[in-house]
Amino acid sequence: MSRKTQILVSGALVAALGLTGCTSNGVNENAEKLNQSQSQLSRDHHVTTSGAMTQKPSEHVTSINKGGAAAALEASQLAFASAPKAYVTRTSQADAVVILGAEAARQGAPLLVLDSAESAQKELKKEIERLQVKEVILPEKSDLTAAEKALFGDAQVTEVGIAEDMTTGSPAEPSPASGPDAFTVLTTAATAKDAGSAAAVATLRGAGATVTELEAADPRATAKTVEALKAAGSAPLVAVGREFASSDEFEGLAESAIAGVELPGGGQVVFPYRRFVALYGHPGTGALGLLGEQGPEESVARVKELAAEYQPFSTEPVQPAFELIATIASSAAGKDGKYSSAAPISKLLPYVEAAEKAGVYVVLDLQPGRNDFLSQAKLYEELLKKPNVGLALDPEWRLRPGQRHMVQIGSVDASEINEVSEWLATLTRENKLPQKILVLHQFRLSMIRNREQVKVDHPELATVMHADGNGTPESKFATWNALQKDLPDGMWLAWKNFIDEDSPTFTPERTFETVNPKPWFVSYQ
């Protein structure tokens with residue numbers, strides 16, 4: 001607390017005592033309240049070398065993703081309660097932002113950006129007034145117009161020469177960076193390319209923040225980004241840069257990263273950080289795919305060997321996976337008349353647990369018959385709460401009323417898929433899980449009605465279009481190419497190799513070297 005603040009607070013206390021006629025005990029009580037008030041002010045604010053008073057961000061997570069002058073303005077509002085000195089530069093003066101920003105950070109003063117837009121200039125004027133700025137420091141030869149000079153009110157305007165050695169030196173002291181009021185600024189390599197974002201970082205650094213550059217704007221992306229978020233602990237986080245998500249969305253991503261639960265292979269985002277090779281099938285039923293030809297541990301060993309065969313043809317790590325049929329389409333209607341039987345969790349669990357232990361990803365495949373996909377997905381919520389378990393929807397086996405398997409090819413509307421993706425995204429977010437794969441099987445366009453309306457913007461999910469075509473290479477490529485037309489942006493592509501139905505079955509080299517674009521997920525049936 002400054003001496004002036006102490007005098008004002010003490011004066012207010014004396015006046016209050018005079019009015020109330022307090023006893024000595026009352027004085028002691030009020031003195032204690034004064035001490036508490038001073039202690040709170042000391043915790044909430046710090047005075048920098050320039051005389052500015054900084055403040056800790058009120059929210060745990062904030063994203064400044066506007067860019068331009070608005071980014072610099074928001075950083076100042078976030079981190080400074082007042083500032084007798086403020087640095088100002090133009091959006092176009094990239095060099096000045098870097099050099100002046102370093103000086104502003106060292107002095108513990110905000111760096112604001114002067115924009116030509118009238119609305120931006122009004123906001124700048126309001127911020128100068130809010131901060132109670134007495135001196136505005138500009139790069140020399142700024143050539144301000146009369147209207148621009150008026151933005152600074154009665155503040156003294158000082159023009160300084162920009163020299164490279166202004167970027168050297170230590171940050172201002174005292175700094176809250178190492179204290180209980182520390183906060184962390186997150187950037188990427190792209191942040192510095194926007195003048196306003198770079199100015200915002202300088203302002204926040206001047207307020208005592210530590211700055212961490214992430215490999216990607218999604219804090220869940222890799223093991224390194226997750227570690228960076230975990231290292232920040234409970235300190236407030238401020239993400240700066242146009243590429244970051246909004247504050248609400250980024251908060252969910254940050255909470256997931258801080259929770260630290262990672263995917264097999266590290267990180268919490270599926271693609272583009274790995275590709276997958278999977279065995280498809282149902283426990284104990286070899287006729288439905290390779291996965292059912294052996295037990296859990298043997299399946300782990302087999303898929304790891306298969307994934308290793310693909311690695312020479314991929315720059316990304318190739319991750320072994322299971323695509324485990326959880327509900328099986330049946331020719332008989334069954335007691336419920338739904339033409340689908342759901343495997344109990346106890347039957348699937350040995351495979352899921354063996355996979356989890358061995359670093360193998362699992363996708364639960366649904367063949368719902370006349371059930372809806374969401375109802376069946378909810379049967380396996382217990383398994384889907386595991387970090388290495390995703391979901392697959394197989395519309396071939398989604399029947400409408402009156403339809404039967406092997407008589408008609410099933411289909412599903414985008415709206416039903418969107419219900420599942422919304423539920424799965426919420427489950428993932430609420431349990432602070434890493435991103436989940438959501439596979440959509442398809443070999444005819446008619447299998448997913450209104451496919452252009454399928455939502456793929458849930459950050460908790462990686463949505464995959466899985467081409468299930470079989471037969472000759474020509475027929476498989478025809479299906480592959482047809483399914484990519486008008487595919488919603490943001491979908492990843494998957495390919496299936498059939499051991500018996502393909503003629504011939506593609507080798508790992510042919511799969512990764514001739515299928516274009518190279519699939520991110522390959523399953524074997």
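Residues numbered from 1 in each chain as written. Predicted model: local features only at pLDDT ≥ 70, side-chain atom pairs only at ≥ 80, totals over all residues. Heavy atoms only, no water.

**Q** Just checking my understanding: could you explain the side chain of Thr 188 for this structure?
**A** Here Thr 188 is to be found in the loop between β9 (184-187) and α7 (195-206). We classify Thr 188 as buried; its relative accessible area is 8%. Among residues more than four places away in sequence, those in contact with Thr 188 are Glu 213, Leu 214, Ala 216, Ala 217, Glu 243 and Phe 244. (Helix = DSSP H or I, 4+ residues; strand = E, 2+ residues; numbered from the N terminus. Buried < 20%, exposed > 50% of the residue type's maximum accessible area, 1.4 Å probe, protein only. Contact = heavy atoms within 4.5 Å.)

**Q** What is the right way to look at the environment of Glu 501 in this model?
**A** Position of Glu 501 among the secondary structure elements: in the loop between β21 (492-497) and α16 (508-514). Considered as a pair, Glu 501 and Gly 469 are 32 residues apart in the sequence and their alpha carbons are 9.7 Å apart. Filtering out sequence-adjacent residues up to four positions away, Glu 501 remains in contact with Asn 470 and Gly 471.

**Q** In this structure, what is going on with the environment of Glu 309? I would like to understand it.
**A** Among the secondary structure elements, Glu 309 is positioned in helix α10 (residues 296-310). The exposure class assigned to Glu 309 is partly exposed, which follows from its relative accessible area of 37%.

**Q** Mind showing me how you'd approach the sheet that holds strand β11 (residues 237-240) here?
**A** Strands belonging to one sheet form pairs held by backbone hydrogen bonds; the direction of such a pair is parallel or antiparallel. Reading across from one edge, β3-β11-β9-β10 is the order of the 4 strands in this open sheet, with parallel pairing throughout. Both outer strands of the open sheet, β3 (61-64) and β10 (210-213), are each paired with one neighbouring strand and no more. Each strand of the sheet is rotated relative to its neighbour by a mean of 20°, with strand direction disregarded. Sheet topology places β3 next to β11; 4 bridges connect them, and they run parallel. Residue pairing for β11: Ile 64 is matched across the bridge by Val 240. Of the strands in this sheet, β3, β9, β10 and β11 are in contact with α7, which crosses β11 at around 155°. (Pairing = 2+ DSSP bridges. Axes fitted to C-alpha atoms, helices over the stretch in contact; angles between N-to-C directions.)

**Q** Would you mind going over the packing of aromatic side chains with me for this structure?
**A** Remark: the centre distance and the inter-plane angle together describe each pair of aromatic rings, the angle taken between the planes. Tallied over the full model, the rule gives 14 aromatic pairs. Ring pairs connect the aromatic residues Phe 271, Phe 276, Tyr 361, Trp 492, Trp 520 and Phe 521, which therefore count as one cluster. Geometry around Tyr 280 places Lys 496 over its ring, the cationic atom sitting 3.9 Å from the centre. (Phe/Tyr/Trp six-rings, centres within 6.5 Å; stacked < 30°, edge-to-face > 60°. Lys NZ or Arg CZ within 6 Å of the ring centre and 35° of its normal.)

**Q** Can you help me understand the pattern of salt bridges in this one?
**A** Close approach of charged atoms lets side chains of opposite charge pair. If you walk through the whole model with that rule in mind, you get 18 salt bridges. Residue Arg 242 is joined to Asp 194 by a salt bridge in which the shortest nitrogen-to-oxygen separation is 3.1 Å. Of the two residues, Arg 242 is situated in the loop between β11 and α9 (247-259) and Asp 194 in the loop between β9 and α7; the sequence distance between them amounts to 48 residues. Note that Glu 381 is salt-bridged to Lys 385, the shortest N-O span being 3.6 Å. For Glu 381, a relative accessible area of 28% gives the class partly exposed. On the accessibility criterion, Lys 385 (38% relative accessible area) is partly exposed. (Salt bridge = Lys/Arg side-chain N within 4 Å of Asp/Glu carboxyl O.)

**Q** I keep staring at the sheet that holds strand β6 (residues 111-114) and nothing clicks. Help me out?
**A** The sheet built from 4 strands is open, its strands ordered β6-β5-β7-β8 with parallel pairing. In this open sheet, the two strands that pair with only one neighbour each are β6 and β8 (156-160). The sheet shows a mean angle of 30° between the axes of neighbouring strands, direction not considered. Strands in contact with helix α4 (residues 94-107) are β5 (85-90), β6, β7 (135-139) and β8; relative to β5, the strand with the most contacts, it is inclined by about 170°.

**Q** Is there a simple way to think about the confidence of the model for the protein in this case?
**A** Do not read the predicted coordinates in detail wherever pLDDT is low. For the protein, the mean per-residue pLDDT works out to 88, and 88% of the residues sit at or above 70. Confidence drops under pLDDT 50 across residues 33-43; counting only partners more than four residues distant or on other chains, this segment forms 9 contacts. Low pLDDT, under 50, characterises residues 170-180; the stretch is placed with 19 contacts to residues that sit more than four places away or in other chains. (pLDDT = per-residue confidence, 0-100.)

**Q** I would appreciate a short explanation of the nonpolar core in the present structure.
**A** Residues Phe 322, Leu 364, Tyr 380, Leu 391 and Leu 393 are the most contacted members of the largest nonpolar core, which totals 59 residues. With residues up to four places along the chain from it excluded, the contact list for Leu 364 reads Leu 324, Ala 326, Tyr 380, Leu 383, Leu 384, Val 389, Gly 390, Leu 391 and Ala 392. Ala 52, Ala 86, Val 88 and Leu 114 belong to the second-largest nonpolar core, a separate cluster that totals 31 residues. (Core = buried A, V, L, I, M, F, W, Y, C linked by side-chain atoms within 4.5 Å.)

**Q** Explanation requested: the packing of helix α3 (residues 68-79) against α7 in the structure shown.
**A** In the contact formed by α3 and α7, the axes pass within 7 Å of each other and the chain directions differ by 15°. Considered as vectors, α3 and α7 are oriented roughly parallel to each other. Classified by chirality, the crossing of α7 by α3 is right-handed. Of the residues in α7, those touching α3 at Gly 68, Ala 71, Ala 72, Ala 75, Ser 76, Leu 78 and Ala 79 are Gly 196, Ser 197, Ala 199, Ala 200, Thr 203 and Leu 204. (Parallel < 35°, antiparallel > 145°, perpendicular 65-115°, else oblique. Left-handed = near helix turned anticlockwise from the far one by under 90°.)

**Q** It is not clear to me how the pairing of strand β22 (residues 521-524) should be interpreted in this structure. Could you clarify?
**A** The side chains of a regular strand alternate, residue by residue, between the two faces of the sheet. Side chains Phe 521 and Ser 523 project from β22 onto one buried face, and the interleaved Val 522 and Tyr 524 project onto a second face that is buried too. Bridge analysis of strand β12 (residues 275-281) against β22 gives 4 bridges, and the strand direction is parallel. When the bridges of β22 are listed, Ala 278 appears paired with Ser 523. Of the strand pairs in this sheet, β21 and β22 are connected by 4 bridges, and their pairing is parallel.

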